[in-house]
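Below are the chains, spelled out letter by letter.
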Amino acid sequence: MYRIGLEAFRFEERDAALYRLDPRAKLLVAFIYMVLTILVNSQAIQLLITALLLATLLLLGRLGRKLVKNLVTLAPLMTLVFLANYLVSGDPMASLLPTQKLLNLVMSLNTFFLTTNPDDFAITLEKMGMPLTITLAFSLSLRFIHVLARVLTEIVEAQLSRGHRLDTGGITTRIRNYTAILIPLIIISVRKSISVAETLELRGFREGARHTPFTTMKIGFWDVIYVAASLSIATALLIYGGAVETALLEILTRHLEYMAI
Amino acid sequence: MKEIVSIENLEFKYLGARDKALRGIDLRLERGRRYLLVGASGSGKTTLARCITGLIPHFYQGEYSGEVVVDGMKVSETPIQRLAETVGYLRQNPEEQVLMTKVEREIAFSLEFRGLTTEEMERITRRVMENLGISHLWGRTTDTLSGGELQKVVIASMLVLEPKMLILDEPSAYLSPMAVKNLQSLLDTYIPGQSTLLVIDHRLDYWIGFVDTVIYIDRGVVRYTGSPGRLLNLLGSEEHRLNIPLHIRLSHDLKQVVNTRGVNS
Amino acid sequence: MIRVENLWYTYDGGNYVLRDVSLEIVEGEIYYILGDNGSGKTTLIRHLNGLLKPSRGRVLVDGLDTRETPVSRLAEKVSIVFQNPEKMFYMPTVIEEISTTLRNFGVENPDQRAEEILREYGLSRYRDRSPFTLSGGEKRILSIAIMTGWSPRYLVLDEPTIGLDGDYRRRLQWAIDRHLSRGGAVVIVTHDMELVLEREGRVVILSGGQVVYRGYTQELIDLDPGQLGRYGLVKPTYARSTSYMKTSGVIRDYHGYCGVFAEVAGVLDNV
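Here, residues in each chain are numbered from 1, in the same order as that chain's written sequence. Chains and ligands are labelled sequentially in the order written, the chains with letters from A and the ligands with numbers from 1. Under the rules for a predicted model, residues below a pLDDT of 70 receive no local features and side-chain atom pairs below 80 are neither given nor counted, while totals for whole chains, interfaces and linings still include all residues.

Topic: the overall build of chain B
- The numbering of helices and of strands both runs from the N terminus, where a helix is a DSSP run of H or I of at least 4 residues and a strand a run of E of at least 2. Helices and strands together make up the secondary structure of chain B, namely ten helices and ten strands.
- Any residue with 12 or fewer other C-beta atoms within 10 Å of its own C-beta is exposed, any with 20 or more is buried, and the rest are partly exposed; the C-beta atoms used are placed from the backbone. Of all 265 residues assigned to chain B, the portion counted as buried reaches 48%.
- Each residue is represented by a C-beta atom placed from its backbone, and any two residues with such atoms within 7 Å are regarded as in contact. Pairs at least 24 apart in sequence give 67% of the contacts found in chain B among residues at least 6 apart.

Regarding the overall build of chain C
- Summing up its helical and strand segments, chain C has eleven helices and ten strands in all.
- Taking all 271 residues of chain C together, 48% fall into the buried category.
- Here the contacts in chain C between residues at least 6 apart in sequence split such that 66% fall between residues at least 24 apart.

With respect to the nonpolar core
- Residues enter a nonpolar core if they are buried, belong to Ala, Val, Leu, Ile, Met, Phe, Trp, Tyr or Cys, and are joined to the set through C-beta atoms within 7 Å. Counting 156 residues, the largest nonpolar core has Leu37 and Ile167 of chain B together with Val156 and Val187 of chain C as its most contacted members.
- Looking at this core element by element, the count peaks at seven residues for helix H6 (residues 147-159) of chain B.
- Beyond its immediate stretch of four places on either side in the chain, valine 156 of chain C contacts Ile45, Leu48, Val78, Ser79, Ile80, Val81 and Val187 of chain C.
- Core analysis: the next-biggest nonpolar cluster, separate from the first, contains 22 residues, Val29, Val40, Leu57 and Met107 of chain A among them.

So, the sheet that holds strand E6 (residues 78-81) of chain C
Residues and elements named next belong to chain C.
- DSSP-based pairing: two strands are paired if at least 2 bridges between them are found. Spatially, the six strands line up as an open sheet ordered E6-E7-E8-E3-E9-E10, and their pairing is mixed. Here the strands that pair on one side only, and so sit at the sheet edges, are E6 and strand E10 (210-216). Sheet twist, expressed as the mean angle between neighbouring strand axes with direction ignored, is 15°.
- Where strand E9 (residues 202-207) meets E10, six bridges bridge the pair, whose relative direction is antiparallel. The residue bridging isoleucine 205 from the neighbouring strand is tyrosine 213, located in E10. An axis is simply a line fitted to the C-alpha atoms; with a helix, the fit covers only the stretch in contact. Between two such axes, the angle follows the N-to-C directions and lies from 0 to 180 degrees.

Some details on helix H2 (residues 23-39) of chain A
Residues and elements named next belong to chain A.
- For H2, built from 17 residues, the straight-helix expectation of 24 Å at 1.5 Å per residue is met to within 8% by its first-to-last C-alpha distance of 24 Å.
- If you check which residues of H2 are buried, you get Pro23, Ala25, Lys26, Val29, Ala30, Tyr33, Leu36 and Thr37. Here the buried residues of H2 occupy an arc of 160° about the axis, which is enough to place them on one side. Residues Ile38 and Leu39 are exposed on H2 and point more than 90 degrees away from its buried face.
- Residues of H2 that are buried make contact with helix H3 (43-60), helix H5 (92-113), helix H6 (118-127) and helix H9 (221-239). How far a helix is expected to stretch is found by multiplying one less than its residue total by 1.5 Å. This arc is built from the directions going out from the helix axis to the C-beta atoms.

Things to note about the environment of isoleucine 183 of chain A
Residues and elements named next belong to chain A.
- In this fold, isoleucine 183 is placed in helix H8 (residues 171-202).
- A tally of 16 C-beta atoms within 10 Å means that isoleucine 183 is categorised as partly exposed.
- Isoleucine 183 sits 43 residues away from leucine 140 along the chain, and the two C-alpha atoms are 23 Å apart.

A word on the interface of chain B and chain A
- Across the boundary between the two partners, chain B contributes 26 residues, which contact 26 residues of chain A.
- Of all the elements in the fold, those that place two or more residues in the side of chain B that touches chain A are helix H3 (80-84), helix H4 (103-108) and helix H5 (118-131) of chain B.
- With three residues, the top contributor of residues to the side of chain B that touches chain A is H3 of chain B.
- Partitioned by chemical class, the residues of the side of chain B that touches chain A number twelve nonpolar, nine polar and five charged. Throughout this entry, Asp, Glu, Lys and Arg are counted as charged residues, while Ala, Val, Leu, Ile, Met, Phe, Trp, Tyr, Cys and Pro are counted as nonpolar. The remaining residues, Gly among them, count as polar.

Points about the sheet that holds strand E8 (residues 196-200) of chain B
Residue and element names in this part refer to chain B.
- The six strands lie next to each other as E6-E7-E8-E3-E9-E10, forming an open sheet whose pairing is mixed. Where the open sheet ends on each side, the last strands, each with one partner, are strand E6 (87-90) and strand E10 (221-226). Strand-to-strand twist across the sheet, computed as the mean angle between neighbouring axes with direction ignored, equals 15°.
- Of the pairings in the sheet, the one linking strand E7 (residues 165-169) to E8 comprises five bridges and is parallel in character. Note that in E8 the partner of methionine 165 across the bridge is threonine 196.
- Along the sheet face, helix H1 (residues 45-53) touches strand E3 (34-38), E6, E7, E8 and strand E9 (213-218) and points at about 155° away from the line of E7.

Brief notes about unusual backbone geometry
- Residues isoleucine 56 of chain B and proline 57 of chain B are joined by a peptide bond in cis, for which omega reads 10°.
- Within the secondary structure, proline 57 of chain B is located in helix H2 (residues 55-58).
- Backbone geometry places arginine 62 of chain A, a non-glycine residue, at a positive phi of 45°.
- Structurally, the position occupied by arginine 62 of chain A is in the loop between H3 and helix H4 (64-89).

With respect to the domain arrangement of chain B
Residues and elements named next belong to chain B.
- Segmentation of chain B into domains returns domain 1 (1-86 + 163-228) and domain 2 (105-162).
- Residue-level contacts link twelve residues of domain 1 with eight residues of domain 2.
- If you tally residues by element for the side of domain 1 that touches domain 2, the top one is helix H7 (residues 177-190), at five residues.
- Counted by class, the side of domain 1 that touches domain 2 contains ten nonpolar, one polar and one charged residues. What marks off one domain from the next here is an automatic or database domain assignment.

Comments concerning H5 of chain B
All names here are of chain B.
- Helix length check: H5 (14 residues) gives 20 Å between terminal C-alpha atoms against 20 Å at 1.5 Å per residue, within 8%.
- Residues of H5 that are buried: Met121, Ile124, Thr125, Val128 and Met129. The buried side chains of H5 occupy one side of the element, clustering within an arc of 130° when seen end-on. The outward face of H5, more than 90 degrees from its buried face, is lined by the exposed residues Glu119, Arg123 and Glu130.
- The inward-facing, buried residues of H5 contact H4 and H6.
- Once H5 finishes, glycine 133 follows within two positions and takes phi at roughly 70°, a positive value.

What to know about the packing of H4 of chain A against H5 of chain A
Residues and elements named next belong to chain A.
- Contact geometry of H4 with H5 gives a least axis separation of 8 Å together with a crossing angle of 150°. Between H4 and H5, the angle falls in the class roughly antiparallel. Pair H4 / H5 crosses with right-handed handedness. Touching Leu67, Asn70, Leu74, Met78, Val81, Phe82, Asn85, Tyr86 and Ser89 of H4 are Pro92, Ala94, Ser95, Leu96, Pro98, Thr99, Leu102, Leu103, Val106 and Asn110, all from H5. When describing relative orientation, an angle under 35 degrees is termed roughly parallel and one over 145 degrees roughly antiparallel, while 65 to 115 degrees is termed roughly perpendicular and anything else oblique. Should the near helix be turned anticlockwise from the far one by less than a right angle, the crossing is left-handed, and should it be turned clockwise, the crossing is right-handed.

Digging into the environment of tyrosine 90 of chain C
- On the secondary structure map, tyrosine 90 of chain C appears in the loop between E6 and helix H3 (94-104).
- For tyrosine 90 of chain C, a count of 28 C-beta atoms within 10 Å puts it in the buried group.
- Taking the C-alpha atoms as reference, tyrosine 90 of chain C lies 20 Å from valine 71 of chain C; in sequence the two are 19 residues apart.
- Here tyrosine 90 of chain C is in contact with Thr179, Ala180, Ile183 and Pro184 of chain A, once residues within four sequence places are set aside.

Quick word on the environment of tyrosine 216 of chain B
Residue and element names in this part refer to chain B.
- Structurally, tyrosine 216 is set in strand E9.
- The spatial distance from the C-alpha of tyrosine 216 to the C-alpha of glutamate 149 is 30 Å, given a sequence separation of 67 residues.
- Other than its neighbours up to four places away in sequence, tyrosine 216 contacts Val38, Gly39, Arg223, Tyr224 and Leu231.

What about the packing of helix H5 (residues 136-148) of chain C against helix H6 (residues 166-181) of chain C?
Residue and element names in this part refer to chain C.
- Across the interface, H5 lies against H6 with an axial gap of 10 Å and an inter-helix angle of 15°. Comparing their axes, H6 and H5 come out roughly parallel. Considering how the two elements wind past one another, H5 and H6 form a crossing that is left-handed. Here Gly137, Arg140, Ile141, Ile144 and Thr148 of H5 lie close against H6, whose contacting residues are Tyr168, Arg171, Leu172, Ala175 and His179.
- Each residue belonging to the contact of H5 with H6 can be placed in one class, and the counts come to five nonpolar, three polar and two charged.

So, in structure tokens, the structure goes:
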């Protein structure tokens, strides 16, 4: 149970349409969906957004298994959001809305982060005018979060093997047990970051140096289609939201009546 | 100029350290030769490599005196980035030397700062990958590679700059013996005759047949420079902290016994 | 006795890193687990004290099923010394690093015992230093000193000779011998063939998560180099000369020869 798994959030190469799209197009679409999710306050339409995002991730990204892991990992957080809202409002249906929004925000981000490798993410940021130091910091941290997650697992293993019990005892024992994890983690992280800084120097990186990225990016036909389709859906939902909601509710109620009968 | 590296009376003490890491090092490395730098852990091997690559004094601060000249450049006055074009430095843990997610981007990284076009970068990267026999890794993600593959990728990422010298720091630590053998045949076939190789490793048995010259360093002082065979004779007579391969120890000791007591005693 | 029975293991529910591995570890014996990088060696040893639980099959430590026994209970019997000692250090001084672990396992007079352990391992002069300031060899010996302090029955060493030279290597040998002489079992995961051939013991070679070879150390000398090479291994030079001695009739079998080589070299060192 102690294995620290970030696998569900990690980019893995895959042969699917979504992976081949330009990162800028994907980032834009993720952004469109996020804005839409934040603006829309109808639960029915949120449900529709969930369906759209699911279709994108499953059909274009072939991300079924990964998405399940991803959402299972986030389930406790979503439950927490739901419970917190329920405690305040006392209305279970109304408390569902923030949870739905969280779910849709996460899935919007997934359409970008699960399908874009950190290098391309860095280039995207660079193209948007961010300095190289910052974009490198982004891609390196994404890479090293996983390295550190593994180090953390190994530290926990080493301490368990020394007879440490991580979740028992009084406050003082617990604090002592956590320092046993934190101290090596901090020291190893510092060592690793020094080593990475060394690597950057040795590989010719200089602040403010002229930089020509090795990978070039080109907006293609499908990128335009992807953005245009998402944009039109979003606009339609924002403008005709009321009508869509009524239609959706009608379909839903009819289904429910049908099932009731 | 015959030497690629010439070091004169080099002393270094890390900031905050009690003792000097290097004490009066004098050393010349000739072009096109293979060197093995041995010594117990903590004897100053990596510090010496840092002095050649410019990490000392530019990256690690401390008390620095003496002079290191690499390919005609005074290290203390040349930026690390410039020195990296002459000396490729493979450090201990390959994982910390990988910056990018994609193999080809990792290898091309150093080229991105040299004002080349994308086509030129791609041509160089493909050539180096082909030479090292890792063309099939193009497009792979770096964290799915095995230890041996990762090491080749890191070596490739240095070779794109066509350095005149390579330093490998403890290359055997993360590899199986067979992978070390593969690395050696790779160095044999690929590294051009004119380039200099400095291997830092405490495993004498892996490298002793591979190098021309052994440099033995102990507590920051160079104790021996010369052929591998003579090093072992020298070590037989004094206290040392090295792992001498069993068969060499045995033959050396037998010789001693025969010499001092005669065959019949 | 540790019994590994038809062990299968997968990290992600998909690829099996261990496939039907069976193994018995008996007290008083030394076991070498060999194999190329990624062959499943480290995954296997993590099952011995219950850090990992089998996906299929089971592991029994003195009859205790690792799936039903807490790691702390198993760790008392099976001590694993991992490759990088820095991942276990957290106390301000070397002496406290040892005594805290003795306390974890309920050893009597932990402070006094810690002092004795320091002396035994020749680490007394580092008593009040921070473990992080020690050299690589010292760190490794300290990690072994910590992990043998409560006299566990099974000692598992993960690549113990990486970065270990001269004197520290001898201290490692001493620790292994002492553990064996007290009737414990030693399991070593290594690439270091010289270490393997120094003692007579049992060998298990893993490849692709499966046991592909079982035998005794001296039998390794006869294995075809090509076959060893596929498992990432290379014979040390003196193994080749022993093999030559046998084919030329100087010796009849290898029995005892690996150890003898090491012993002769040790004796001659002191002549």
